[in-house]
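Chain and residue survey
These are the residues of each chain, in order.
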Amino acid sequence: MARMTETPSTVEPEALDVPVPEPDLEEVEDGLDLRRSRRPLGFLLTMDSVRTVGRIVSLIVTDALAVYLAIFGALELKSLVRGGASVTQNLDQAYTYATFAVLLTVLLFAQAGLYADRGSRPGLRAIVSSLFAVVVVAFIYAQLAGQEFSSYYIFWATFLFSVVLVGSARWAYDRITGELLKAAGYRRRALLVGAGQHAADVAAALAAPGRSSMEVVGIVEPEFLAMRLDDAEIDELIIAEPDYSEERVLAIVDECHERGVRVRVAPSTMEILVHRAEFVAGQAVPLFELKAPVFDGFDYAVKRAFDIVGAFLGLVVLSPLMLLIAALVKFTSRGPVFYRSMRPGIGGIPFACLKFRTMYQGADRVQHELEAVNEADGALFKIRHDPRVTPVGRLLRRFSLDELPQLWNVLRGEMSIVGPRPLPQRDFDQLEDWHRKRYLVLPGMTGLWQVSGRSNLDFDDLVRLDFVYIERWSLSLDLSIILQTFPAVIRRRGAY
């Protein structure tokens with residue numbers, strides 16, 4: 001029997017002279033208590049072990065194939081540019097390199113938790129950092145082994161190919177297996193502990209269609225937790241109340257682990273801020289300074305270099321598509337090809353944000369007539385069937401193709417590839433003071449808005465996503481958002 005936890009009145013059981021039963025050792029031995037080790041024989045005989053082995057093996061095969069193709073792709077690109085080895089020779093050489101690279105990848109991926117269950121596996125950030133470590137270790141090993149290279153192209157090119165291929169393969173794996181599990185009726189049942197608006201917001205986010213394989217079965221206060229855990233089959237519990245005391249949280253965790261229920265914690269605003277806290281030494285009390293959420297120094301140099309290279313390559317690769325779009329815009333409606341929307345940028349300083357024109361000429365002058373049918377909340381202005389949008393413009397907006405000219409804004413240093421979206425002046429004028437903190441960094445072509453529901457999210461939630469991005473920025477996070485932008489655009493969720 002599970003031991004008694006703190007009662008709502010905080011009176012200890014001993015004070016009521018109520019005997020506390022000793023735990024049933026047989027029940028504890030055979031139960032799901034997450035605090036004890038499982039017996040080796042029991043592990044081998046469970047269906048969970050079969051699913052675990054299947055998951056690990058399939059992920060290793062997926063990673064190995066992606067790494068092999070990444071090495072082969074790097075070799076083929078070199079052959080196409082410089083000539084030399086044939087396809088057969090590159091296949092053989094890729095196999096030679098991949099033997100060591102795959103073993104190293106599997107070991108580092110396992111260390112990073114990338115073979116854990118679906119609910120615990122980290123995302124693209126861990127993949128990028130682990131692949132970078134693979135390349136560094138492989139380079140050091142090659143140097144120590146005395147191998148000579150005419151250039152070190154194979155290392156950085158393989159890294160870039162690996163990020164794309166392994167990341168894409170992992171994304172496809174999660175999507176396919178997720179659909180299979182969904183078709184089989186599998187969903188993780190989650191119970192939330194908390195009260196008030198914060199818990200309700202967490203529940204709403206988890207229950208968003210298509211965003212999670214989790215089913216929120218309810219929100220409960222700690223006093224009634226044991227009853228709900230006993231009455232329903234719960235896979236995990238989420239603590240969605242940032243104001244609980246440490247003692248109460250520990251009691252909740254203990255109670256769940258006794259029943260084999262995983263516990264997660266939804267982050268509070270303070271926990272997000274702590275990511276940028278810096279220790280200040282020499283004080284009587286340990287203090288942490290919360291610095292302004294801006295990109296400066298080395299971070300700015302890395303991000304700016306990434307933007308320049310990415311924007312230049314994007315303009316080169318996408319130039320045929322952009323020429324086609326320009327022709328369609330020019331010959332299907334009157335007006336210029338490009339629309340220069342004056343929008344506040346970093347620090348609120350206006351700049352001309354470039355877009356392919358998607359509306360009939362003079363559409364700005366009649367916007368005030370449509371304010372009454374605005375479908376967005378907060379400062380945003382959105383109409384699903386805006387009469388001012390041309391047929392070609394509607395198609396461009398649906399797939400966000402109208403924003404491709406902003407690659408030029410990125411080259412000019414007015415925008416970044418990833419960052420908070422720049423709002424029109426009309427929307428900016430309606431922002432609250434706390435909203436405007438998002439203008440401490442360069443606005444971006446894409447961001448967490450685009451990969452987290454786009455126009456379907458509440459405006460305040462969109463702004464909070466901007467703050468999460470600014471607080472937790474890294475180059476791997478930018479790469480993750482870019483890769484997630486493509487499927488988000490293709491699914492066209494919330495785009496209009």
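As shown above, the structure is provided for reference.
Reading the values: rules and limits
- Residues numbered from 1 in each chain as written.
- Predicted model: local features only at pLDDT ≥ 70, side-chain atom pairs only at ≥ 80, totals over all residues.
- Heavy atoms only, no water.
- Helix = DSSP H or I, 4+ residues; strand = E, 2+ residues; numbered from the N terminus.
- Buried < 20%, exposed > 50% of the residue type's maximum accessible area, 1.4 Å probe, protein only.
- Contact = heavy atoms within 4.5 Å.
- Areas by Shrake-Rupley, 256 points an atom, 1.4 Å probe, with all protein chains shown as cover.
- Pairing = 2+ DSSP bridges.
- Axes fitted to C-alpha atoms, helices over the stretch in contact; angles between N-to-C directions.
- Patch = residues over 30% accessible without salt bridge, like charges linked within 9 Å, V, L, I, M, F, W, Y side chains within 5 Å.
- Salt bridge = Lys/Arg side-chain N within 4 Å of Asp/Glu carboxyl O.

**Observations regarding the overall build of the protein chain**
Each helix and strand in the protein chain was counted, giving 17 helices and ten strands. Across the 496 residues of the protein chain, 38% fall into the buried class. Relative to all contacts within the protein chain whose residues are 6 or more apart in sequence, the contacts with residues 24 or more apart total 71%. A total accessible area of about 28,000 Å² is found for the protein chain, and carbon and sulfur atoms account for 63% of it.

**Looking at the environment of L165**
As for its placement among the helices and strands, L165 is situated in helix α6 (residues 153–183). Residue class for L165 comes out partly exposed when judged on its relative accessible area of 29%. With 92 residues separating them in the primary sequence, L165 and G73 have C-alpha atoms 9.9 Å apart. The residues touching L165, leaving out its near neighbours within four places in the chain, are A66, L69 and A70.

**Considering unusual backbone geometry**
Most peptide bonds take the trans configuration, and most residues that are not glycine carry a negative phi. Phi is positive for S400, close to 60°, though the residue is something other than glycine. By the secondary structure assignment, S400 is in the loop between α12 (391–398) and α13 (406–411).

**Some words on the sheet that holds strand β4 (residues 262–265)**
On the basis of which strands lie adjacent, the open sheet formed by four strands has the order β2-β1-β3-β4 and parallel pairing. One side of each edge strand has no neighbouring strand; the edge strands of this open sheet are β2 (214–220) and β4. Each strand of the sheet is rotated relative to its neighbour by a mean of 25°, with strand direction disregarded. In the sheet, strand β1 (residues 188–193) pairs with strand β3 (residues 236–239) via four bridges, with the strands oriented parallel. If you follow V193 over to β3, its bridge partner there is I239.

**A look at a nonpolar patch on the surface**
A grouping of F132, V136, F139, I140, L144 and Y152 is seen on the molecular surface, where their side chains present a nonpolar patch of about 590 Å² in accessible area. With respect to the helices and strands, the residue F132 is situated in helix α5 (residues 124–144).

**What to know about the pattern of salt bridges**
All chains considered together, the criterion is met by seven salt bridges. Note that K303 is salt-bridged to D478, the shortest N-O span being 2.8 Å. Taken together, the residues span a long stretch of sequence, with K303 in helix α11 (residues 297–332) and D478 in helix α17 (residues 475–491) at a distance of 175 residues. Given the relative accessible area of 0%, D478 is considered buried. Of the charged contacts in the structure, one is a salt bridge between D402 and K355, with a shortest N-O distance of 3.3 Å.

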